[in-house]
Amino acid sequence: MVWVRTVLDELHAWQWLGILIARLAVGLLFFLSGRGKLFVPERREKMRETLVAAHVPFPELNALFVSTVEFVFGLLLIFGAITPLACAMLSGVMIVAIATTAIRNIKATSPLGWLSEFFYLPEVLCLVLLIWLFFSGPGAFSVDHLVVAHDF
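None of these values were measured; they are calculated from a predicted model.

Regarding unusual backbone geometry
Next, step 1: Even without being glycine, His-55 reaches a positive phi, approximately 60°.
Next, step 2: Topologically, His-55 is positioned in the loop between helix H3 (41-53) and helix H4 (59-79).
Next, step 3: In the Ramachandran plot, Ile-82 falls in the positive-phi region, its phi being about 50° despite a non-glycine side chain.
Next, step 4: Following the sequence through the fold, Ile-82 ends up in the loop between H4 and helix H5 (83-100).
Next, step 5: Given the relative accessible area of 45%, Ile-82 is considered partly exposed.

Here's what the structure looks like:
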């Protein structure tokens, strides 16, 4: 049993790598999505149309707001800067996306089928990762860690 404990301790020492990969993947996803919606007119129009179809008020303004949130807070998440705020803002975007569009695409007829399809949504996975990063912190390779380690 000592070897099991040794392996678990060694894996725990490498948790920074999992946090870094998750933070980079989710941050890049949002950064690139926001960038496309802000700077590619076709993508911005598609976002606006999605908001109109979901009956979100002020679709032009909200398309710009959501795209900016994704771009700015995705970039902050990549660098691990102000990570709790970045996770909170991006979680808000995911909750609204789930509530307004993603959940409407579930076609299951049974409660277990519905739950299965719900957890299969990419928005739900992103939300789970954001919640995990909110509570775990950005890890050792982050601006937040540098600031806390140096007590500026």
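Read on for the rest.
Details of the pattern of salt bridges
Next, step 1: The final tally for this structure, using the stated rule, is four salt bridges.
Next, step 2: We note a salt bridge from Asp-9 to Arg-5, for which the minimum N-O separation is 3.8 Å. Of the two residues, Asp-9 and Arg-5 are both situated in helix H1 (residues 2-13); the distance of four residues between them amounts to about one turn of the helix.
Next, step 3: We note a salt bridge from Arg-48 to Glu-45, for which the minimum N-O separation is 2.8 Å. Placement of both Arg-48 and Glu-45 in helix H3 is noted, with a separation of three residues, approximately one turn of the helix.
Next, step 4: Given the relative accessible area of 32%, Glu-45 is considered partly exposed.

With respect to H3
Next, step 1: Here H3 is 13 residues long and its end C-alpha atoms lie 18 Å apart, about the 18 Å a rise of 1.5 Å per residue gives.
Next, step 2: Following H3 by one or two positions, His-55 has its phi on the positive side, about 60°.

Cut-offs and rules
- Residues numbered from 1 in each chain as written.
- Predicted model: local features only at pLDDT ≥ 70, side-chain atom pairs only at ≥ 80, totals over all residues.
- Heavy atoms only, no water.
- Helix = DSSP H or I, 4+ residues; strand = E, 2+ residues; numbered from the N terminus.
- Buried < 20%, exposed > 50% of the residue type's maximum accessible area, 1.4 Å probe, protein only.
- Salt bridge = Lys/Arg side-chain N within 4 Å of Asp/Glu carboxyl O.
- Expected span 1.5 Å × (residues − 1).

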